[in-house]
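Commentary on secondary and tertiary structure
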Amino acid sequence: MSENLLIVNGNELISDAFYKTPAFTNSEGVFVNGVYGGIFKLISILKTSEYKALSISFSEECGNERLKPQILKFKEIIEAKGQGEIPVTKELLESLENALKDLSPSGEVKGASFDMTLKVTSDLNEVEALFETKSDRAAFYFLTDIGDFLGLGISFDGSNVTYIPVENFITADYLGKKLSILSERMSLCSFDIKESYKYFEPSEFANRTYGYKDEDVSGNKCFDVLIGAYLINPLKNDYEPWDVAKEYLKLTLPKRADLFGKEPLANADIKVLSEYASKIAYICFNAEPLIRAKLAKTGMERLMYNIEMPLSYILYSMEKEGIIVKRDELKAYGDKLLVRIDELEKAIYEAAGIEFNINSPKQLGEILFEKLGLPAEKKTKSGYSTAADVLEKLAPEHKIVADILEYRGLTKLKSTYADGLAAYIADDNRIHTSFNQTITATGRISSTEPNLQNIPMRTELGRLIRKVFVPKDGYVFADADYSQIELRILAHMSEDKGLIEAYHEGKDIHRITASKVFHVPFEEVTSLQRRNAKAVNFGIVYGISAFGLSQDLSISAHEAKEYMEKYFETYPGVKKYQEDVIASTKAKGYSETMFGRRRPVPELKASNFNLRQFGERVAMNAPIQGTAADIMKIAMIDVFFKLKELSLKSKLILQIHDELVIETAPDEVDTVTKLLVEEMEKAVTLSVPMEVDCHIGSDWYEAK
DNA sequence: TCGTTCACGCACGTC
DNA sequence: GACGTACGTGAACGAA
């Protein structure tokens, strides 16, 4: 009960708002800025946290003639809602919002305003003095523009903000060092903190040589408002500062694009720059406690403090390290593809009797289904589907189809990988991808510019690209991946006896499944049976439908349904688990991983059947995929700090969901291999063993 | 009118 | 199920 009760001192709330909100009157000419601001704050707290009830106390004392009537007015409004503990309901929020409208002279609800004093200085003495400020925390924001560091906004109390432009003695490195030192004695908060690690290193990580224990949640070191907002709701498309300002503080901050457009920030007015950076620091300072409280309420403190925050530092380090790509060999690979692409292009034009743009699904559709009269399977919104699986079925009908498929495959390799990757090779001959921590709905990391998490693997020709990814001179790659981590998590979470037992046997899991499902001895499982069982195992993890499975295996929906029924007979715990997880997700409105990471699933309550079905698949998949992501993140942190503890030269450089790549010094190969396998396997203890395979190679092709 | 920019759909690479 | 990128297309926009 007490956990969910918000206790408010009414006098303080209104008094605080009275001084922070500019004076204004309601339509009757009575000053109401304090009431307005107070209710505004109350609503924002109630909305961003999970209080079940509200209790507001008042005292006679208020010490200010102008303040008193506003406190009384507020008391009147609150007492109309009930006495003592008032339940927090939708109705309560609505009536509070209506009260706001009544208070506003125009009837329009306005956002709160920045209660901020901004000082701009680059005077060395002043800056030195500023960094001596006594406080238990600070919020800052590095204003950067395509690599240029322009200035720093920083606040120690959430109302006085200083903007320090980079000039003269005040360099980016100087400010970074100041922050590093500051981090030794106070908690630091920023927005998208990974971007500031270029200049500053929090002492928590700089001095750390070991991972994080489950039991000590390291609550108060670094804090990233962006990551916090993401954990609370991972479904949003973006988390710009203005967005957080609006959601948590009801403040309006212009979007960066609106303020500066595409002009380089260096050209912008110092006043605009300083205001923008300072407001973000202000937002961080004031949103931090709200977000911390919400993370505590929702049980995501460990995720935030022990996992995501240290991870952001590690991702920065991996990005900075990068991976060497052999420019010339990549070029040669592309040229080789081009020869064959040209041949195919000619053959396709020849067969079609006309030159057209093969890359255009529209034109291709017209050629195949109208000019050549192949049997069409109209699928997409805008015309014929020419997707690979459709074309494969058409292949026997006309020789052009096979050529088109090959052409598609080769041009994909050429444009996305050969040419695409080449554009990202930096002067140090390395590709420095961006690992994004706040994109995915499930908790996975994503990689962009370029995406190094989808380098070809399936076909031999595609896989050859991996030969151009190499470690530095004399070094090798150590590549470690979890074996079927998601299926193992399913076994653990579903507590299915058969599946758990199967993993303890330590034999080929797909073969065991086939043997059980098709009732044949382990040794007599055919390769087709194994393939089918594997597809079902795979599909189950995705919460696949019978239709989806039928597509995967190119069998009828009826057959697919039979497979799934047989599967559920074999592993009844899995079926039970899936039903339970759908029900609980629906009841709670969100799914949860083993570590408490949440994903809202509003689709489960949709009236549209297909959307609801989608919601069910999400509910089945998100806890599995998300738990795998959590485990890998823990492993990365343990591996990273272990490398540091042992003062190894080897560096973690890539993560591909269930796989880690370390650029390994030749004399450290044995240590690193052992370390990787050990740390990854012990990142979590499940009811099934965790298995990690590690390979060494002199390029990524060989190491995989 | 022409060229550029943008959002969108499609196709396909990975785990 | 979860992503990111390349490409073609058509609409919107601005300059000429």
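The notes below deal with the structure included here. (Residues numbered from 1 in each chain as written. Chains lettered and ligands numbered in written order. Predicted model: local features only at pLDDT ≥ 70, side-chain atom pairs only at ≥ 80, totals over all residues. Heavy atoms only, no water.)

1. Some words on the overall build of chain A
- Along its length, chain A carries 27 helices and 22 strands.
- Here the C-alpha radius of gyration of chain A, 30 Å, is about what a compact globule of 704 residues would show, namely 27 Å.
- Each of the three principal axes of chain A carries a C-alpha extent, and together these read 90 × 60 × 55 Å.
- In chain A, the share of contacts with a sequence separation of at least 24, taken over all contacts with a separation of at least 6, comes to 68%.
- Surface summary for chain A: the accessible area is close to 32700 Å², and the carbon and sulfur share equals 50%.
- Of the charged side chains in chain A, 87 are positive and 107 negative; the average position of the first set lies 2 Å away from that of the second. (Helix = DSSP H or I, 4+ residues; strand = E, 2+ residues; numbered from the N terminus. Rg over C-alpha atoms; globule rule 2.2 N^0.38 Å. Contact = heavy atoms within 4.5 Å. Areas by Shrake-Rupley, 256 points an atom, 1.4 Å probe, with all protein chains shown as cover. Lys, Arg positive; Asp, Glu negative; His and termini not counted. Charge placed at Lys NZ, Arg CZ, Asp CG, Glu CD.)

2. Re the layout of surface pockets
- Roughly 1400 Å³ of internal volume is contained in the second largest pocket.
- Lining the second largest pocket are 40 residues; nearest its centre among them are Thr-144, Asp-192, Lys-194, Glu-195 and Ser-434.
- Tallied by class, the residues present in the lining of the second largest pocket amount to 15 nonpolar, 13 polar and 12 charged. (1 Å grid on protein atoms, 1.4 Å probe; cavity = no way out; pocket = protein on both sides within 12 Å on 5 of 7 lines; lining within 4 Å. Points joined across faces, edges and corners; volume = space filled by probe spheres on them. Nonpolar A, V, L, I, M, F, W, Y, C, P; charged D, E, K, R; others polar.)

3. Notes on the packing of aromatic side chains
- Summed over the entire model, instances satisfying the criterion amount to 24 aromatic pairs.
- Measuring from ring centre to ring centre gives 5.3 Å for Phe-469 and Trp-700, while their planes differ by 75 degrees; the resulting arrangement is edge-to-face. Of the two residues, Phe-469 sits in strand E16 (residues 469-470) while Trp-700 sits in helix H27 (residues 700-703), which places them 231 residues apart along the sequence.
- Phe-469 sits in the buried class, given a relative accessible area of 0%.
- We classify Trp-700 as buried; its relative accessible area is 1%.
- Here the aromatic residues Phe-140, Phe-142, Phe-149, Tyr-197, Tyr-199, Phe-200, Phe-205, Tyr-212, Tyr-313, Tyr-316, Phe-640 and Phe-641 are joined through ring pairs into a cluster of three or more.
- Residue placement shows Lys-472 over the ring face of Tyr-475; its charged tip is 4.8 Å from the ring centre. (Phe/Tyr/Trp six-rings, centres within 6.5 Å; stacked < 30°, edge-to-face > 60°. Buried < 20%, exposed > 50% of the residue type's maximum accessible area, 1.4 Å probe, protein only. Lys NZ or Arg CZ within 6 Å of the ring centre and 35° of its normal.)

4. Overview of the protein's contact with DNA strand C
- The environment of DNA strand C is made up of 25 residues, and the closest members are Ser-360, Ala-441, Ser-446, Glu-449 and Arg-599.
- The sugar-phosphate share of atoms of DNA strand C within 4 Å of the protein amounts to 79%.
- Here a phosphate oxygen of DNA strand C sits 2.9 Å away from a polar atom, N or O, in the side chain of Asn-357.
- In this structure, a base nitrogen belonging to DNA strand C sits 3.3 Å away from a side-chain N or O atom of Arg-444.
- The set of elements that each furnish at least two residues to the surface near DNA strand C consists of helix H14 (361-371), helix H16 (399-422), strand E15 (446-448) and helix H25 (609-645).
- It is H25 that contributes the most residues to the surface near DNA strand C, 5 residues altogether.
- Class assignment for the residues of the surface near DNA strand C results in 5 nonpolar, 14 polar and 6 charged. (Near = heavy atom within 4 Å. Polar contact = N/O pair within 3.5 Å; in protein donor to acceptor, adjacent residues only side chain to side chain.)

5. Overview of helix H6 (residues 172-182)
- Counting buried residues along H6, 8 of its 11 residues qualify, which places the element largely inside the surrounding structure.
- The set of residues buried in H6 consists of Ala-172, Tyr-174, Leu-175, Gly-176, Lys-178, Leu-179, Ser-180 and Leu-182.
- If you follow the buried residues of H6, they end up packed against helix H5 (124-130), strand E5 (137-145), strand E6 (148-155), strand E7 (160-165) and strand E8 (187-190).

6. Observations concerning the pairing of E6
- The element E6 is largely enclosed, with a buried count of 7 among its 8 residues.
- Pairing of E5 with E6, which is carried by 7 bridges, proceeds in the antiparallel orientation. For Thr-144, the partnering residue across the bridge sits in E6 and is Phe-149.
- In this structure, the hairpin formed by E5 and E6 is closed by a connection of 2 residues, where Ile-146 is found at a positive phi of approximately 30 degrees.
- Where E6 and E7 come together, 5 bridges link them in antiparallel fashion. By the bridge assignment for E7, Gly-153 is matched with Tyr-163. (Pairing = 2+ DSSP bridges.)

7. Looking at the protein's contact with DNA strand B
- In the vicinity of DNA strand B, 22 residues are found, and the nearest of them are Lys-262, Thr-386, Lys-412, Met-457 and Arg-458.
- Sugar plus phosphate: this is where 80% of the atoms of DNA strand B within 4 Å of the protein reside.
- Between a phosphate oxygen of DNA strand B and a main-chain N or O atom of Thr-386, the distance comes to 2.8 Å.
- Between DNA strand B and Met-457 there is a distance of 2.4 Å, counted from a phosphate oxygen to a backbone nitrogen or oxygen.
- Among the elements that line the surface near DNA strand B, the one with the most residues is H16, at 3 residues.
- Counted by class, the surface near DNA strand B contains 8 nonpolar, 7 polar and 7 charged residues.

8. Some remarks on the side chain of Asp-145
- Structurally, Asp-145 is set in strand E5.
- Not counting the four nearest positions on each side in its chain, Asp-145 is found in contact with Leu-150, Arg-256, Pro-264, Leu-265 and Ala-266.

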